[in-house]
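# Overview (structure and organization)
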Amino acid sequence: MAQDTWRNWAGTHSSTPHRFETPRSVAELSMLVAKATEQGLRVKAVGAGHSFTGVAVTDGILVSLDNICGIESVRQTPEGPVATVFAGTRLRSLNEQLWDRGLAMINLGDIDVQSIAGALGTGTHGTGARFGGLATLIRGLQIVLADGTVADCSETENPELYQAARVGLGALGIITKLDLAVTSAYALHASEGPARFDETLDGLEHDLESVDHFEFYWFPHTNRVLTKRNTRLPGDTALEPLSRIRGWFDDELTSNTLFEGINRLTTAFPATIPQINQISARALSARQFTDRSYRVFASPRRVRFREMEYAVPVEAVKDTLREIANWLDRSGCNIAFPVEVRFAPGDDVWMSTANGRDSAYIAVHQYHRRDHRAYFDAVETIARAADGRPHWGKMHGRTAEDLRPTYARFDDFCTVRDKHDPSRTFDNEYLRQVLA
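About the criteria used
- Residues numbered from 1 in each chain as written.
- Predicted model: local features only at pLDDT ≥ 70, side-chain atom pairs only at ≥ 80, totals over all residues.
- Heavy atoms only, no water.
- Helix = DSSP H or I, 4+ residues; strand = E, 2+ residues; numbered from the N terminus.
- Rg over C-alpha atoms; globule rule 2.2 N^0.38 Å.
- Contact = heavy atoms within 4.5 Å.
- Buried < 20%, exposed > 50% of the residue type's maximum accessible area, 1.4 Å probe, protein only.
- Pairing = 2+ DSSP bridges.
- UniProt positions renumbered as here; feature names shortened; annotations may be inferred.
- Axes fitted to C-alpha atoms, helices over the stretch in contact; angles between N-to-C directions.
- 1 Å grid on protein atoms, 1.4 Å probe; cavity = no way out; pocket = protein on both sides within 12 Å on 5 of 7 lines; lining within 4 Å.
- Points joined across faces, edges and corners; volume = space filled by probe spheres on them.
- Nonpolar A, V, L, I, M, F, W, Y, C, P; charged D, E, K, R; others polar.
- Left-handed = near helix turned anticlockwise from the far one by under 90°.
- Salt bridge = Lys/Arg side-chain N within 4 Å of Asp/Glu carboxyl O.
- Core = buried A, V, L, I, M, F, W, Y, C linked by side-chain atoms within 4.5 Å.

In this section: the overall build of the protein. When you go through the protein residue by residue, the secondary structure sums to 14 helices and 19 strands. By the compact-globule yardstick of 22 Å for 436 residues, the protein fits well, its C-alpha radius of gyration being 21 Å. The principal-axis extent of the C-alpha atoms belonging to the protein is close to 60 × 50 × 40 Å. Partitioning the contacts of the protein with sequence separation of at least 6, the portion at a separation of at least 24 is 73%.

Put simply, side chains in a regular strand alternate between the two faces of the sheet. The buried fraction of strand β11 (residues 174-184) is high, at nine of 11 residues. Relative to β11, strand β7 (residues 80-86) runs antiparallel, the two being bridged by five bridges. When the sheet's bridge partners are listed, alanine 83 is paired in β11 with leucine 180. Sheet topology places strand β8 (residues 103-105) next to β11; three bridges connect them, and they run antiparallel. Counterpart to methionine 105 in the pairing with β11 is valine 182.

For the rest of this paragraph, the subject is the UniProt feature "domain: FAD-binding PCMH-type" (unreviewed entry) in the protein. As annotated by UniProt and renumbered to match this structure, "domain: FAD-binding PCMH-type" (unreviewed entry) occupies residues 12-185. The span residues 12-185 is 21% helix and 30% strand, and its two end C-alpha atoms sit 37 Å from each other.

A separate point is the sheet that holds strand β5 (residues 61-64). Where strands meet in a sheet, backbone hydrogen bonds hold them as pairs that are either parallel or antiparallel. Read from one edge of the open sheet, three strands run β3-β5-β4, paired in parallel fashion. Each having just a single partner strand, β3 (19-21) and β4 (43-46) make up the two edges of the open sheet. Between one strand axis and the next, the sheet turns by 25° as a mean value, whatever way the strands run. Along the sheet, helix α1 (residues 26-39) makes contact with β3, β4 and β5, crossing β5 at roughly 170°.

Now for empty space enclosed by the protein. Here the structure, examined in full by the defined rule, presents four cavities of 30 Å³ or more. For the largest cavity, the lining is made up of 46 residues, of which Ala117, Gly118, Ala119, Gly121 and Thr122 are closest to its centre. Counting only elements with at least two residues in the lining of the largest cavity, the list comes to β4, α3 (116-121) and β11. Reported here for the second largest cavity is a volume of approximately 90 Å³. Together, 17 residues line the second largest cavity, and Gly123, Thr124, Gly133, Asp347 and Ser352 are the ones closest to its centre. Within the lining of the second largest cavity, the residues separate by chemical class into eight nonpolar, eight polar and one charged.

Direction vectors running N to C along helix α10 (residues 317-331) and helix α11 (residues 373-385) enclose 145°, while the axes themselves pass 10 Å from each other. The two elements α10 and α11 meet at a crossing, and its hand is right-handed. In this structure, α10 contributes Thr320, Glu323, Ile324, Trp327 and Leu328 to the contact, and α11 contributes Ala374, Tyr375, Ala378, Val379 and Ile382. Of the residues in the contact of α10 with α11, the class split is eight nonpolar, one polar and one charged.

Taken together, the eight strands give an open sheet; going across it, the order is β15-β12-β14-β13-β17-β18-β16-β19, and neighbouring strands pair in antiparallel fashion. A strand with exactly one partner marks an edge of an open sheet, and here the two such strands are β15 (287-292) and β19 (389-390). Where strand β13 (residues 213-218) lies against strand β17 (residues 339-344), three bridges are found, and the strand directions are antiparallel. Residue pairing in the sheet places tyrosine 217 in a bridge with glutamate 340 of β17.

This brings us to the pattern of salt bridges. For the structure shown, the criterion picks out 29 salt bridges. Note that arginine 229 is salt-bridged to aspartate 207, the shortest N-O span being 3.0 Å. In this pair, arginine 229 is assigned in strand β14 (residues 224-234) and aspartate 207 in helix α6 (residues 204-210), connecting sequence segments 22 residues apart. Note on arginine 229: relative accessible area 28%, which makes it partly exposed.

The next subject is the nonpolar core. Ranked by internal contacts, the top residues of the largest apolar core, which has 76 residues, are Met105, Ile116 and Ile143. Residue contacts for isoleucine 116: discarding those within four places in its chain leaves Val85, Phe86, Ala87, Thr89, Leu91, Leu94, Met105, Leu134, Leu178 and Leu180. Ranked by size, the runner-up nonpolar core spans 43 residues in total, among them Leu201, Val225, Val312 and Leu321.

Its place among the elements puts aspartate 251 in helix α7 (residues 244-268). If we ignore the near neighbours within four places in the chain, the residues touching aspartate 251 are Leu242, Asn256, Arg287 and Pro300.

Moving on, we come to the layout of surface pockets. Space inside the largest pocket adds up to approximately 1,100 Å³. Looking at the lining of the largest pocket, the elements that each hand over two or more residues are β12 (186-196), β13, β14, α7, α8 (273-282) and α9 (293-297). With 10 residues, α7 is the largest single contributor of residues to the lining of the largest pocket. For the lining of the largest pocket, a count of residues per class yields 19 nonpolar, nine polar and 11 charged. Its volume calculated, the second largest pocket comes out at about 600 Å³. Asp251, Asp291, Arg295, Ala298 and Pro300 are, among the 22 residues lining the second largest pocket, the residues nearest its centre. Tallying contributions element by element places α7 first for the lining of the second largest pocket, with five residues. Partitioned by chemical class, the residues of the lining of the second largest pocket number eight nonpolar, three polar and 11 charged.

In structure tokens:
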């Protein structure tokens, strides 16, 4: 790979930008963007490159915000603590810095390598029927616009820009700072174990109502799942984390090293996948542990894969999953990766995949050495029939024409974009696909 080529984590997109920049201040970034606009150069910000789409690709200036990071301050409000965080802060670092202050993120996804701005800009979410995606935690933000203006936004200051930028896809400017609602540090008790697919679906409503953070992984070609039930506990709860040996065995050896070997084997012999999935699912053992919240939410992911995720109305999730199972049975397409299913309440964020409706997220994966297209195309067709919305940071084939009807504020978002970036400084091929 050439020294001046950028590539995302999954290897699905790369670009050779005009140049790379790593500004050390908001003022430096502001001057950089203003000059680029004058010169007709595109500008895109990039964090960890963990998006599977080309949302950060550019042939212009690729900007890393790694030097604009850390927690600037924490203040108390009547609704609770709010942390002001610089956009380049990686989630893993943010979690540790918050914990040192007796605080924690209210909800998190299952990966913590992303920058906070990158995660928010693509609509990252966790799971839990009462806990919204990360964008619902935003209480204000600062953004550098195409002309170099540094705009502060909230519900009362530049309110339309604020509403659009909460999940902005990098289309409106470069977010430099975020005010995030946080909470007192808390522990999570994790209860994980094998279950039957049909029984899990039958008991879904009960789990969503009674469990703080519920999700499950279904092993294709089987009637087996791995369920995860995480319960929130006070921050002073006595912690009982996994032992170092058990943690290494489960999360490093089994979930990464052995899973990589399984995928290499099944790439060479795909007909063995149904049988191997049966063996893998039957080998699952239950485990329980209690640890700091962020250590339970996130898991290491070192096996390279492609991913597509769709948000469907929660009432459609059972039929959607059954349709996927039926397609797999009919097609002869063998899939080794489990299907991940998570949940979130409806929200009011304009471009959130949970906008206006309680949602279930169905994430499908394919090992990076295998062709994903037939599988992903089929799942996308099934999810679209349920008015599914694709995750902005994961692979999909949707376009502005067919996305507009499912987002009530789609045209409002585009109007804000036209106002603040008329010359399309922050444009790229992916945004032309999804926003026209």
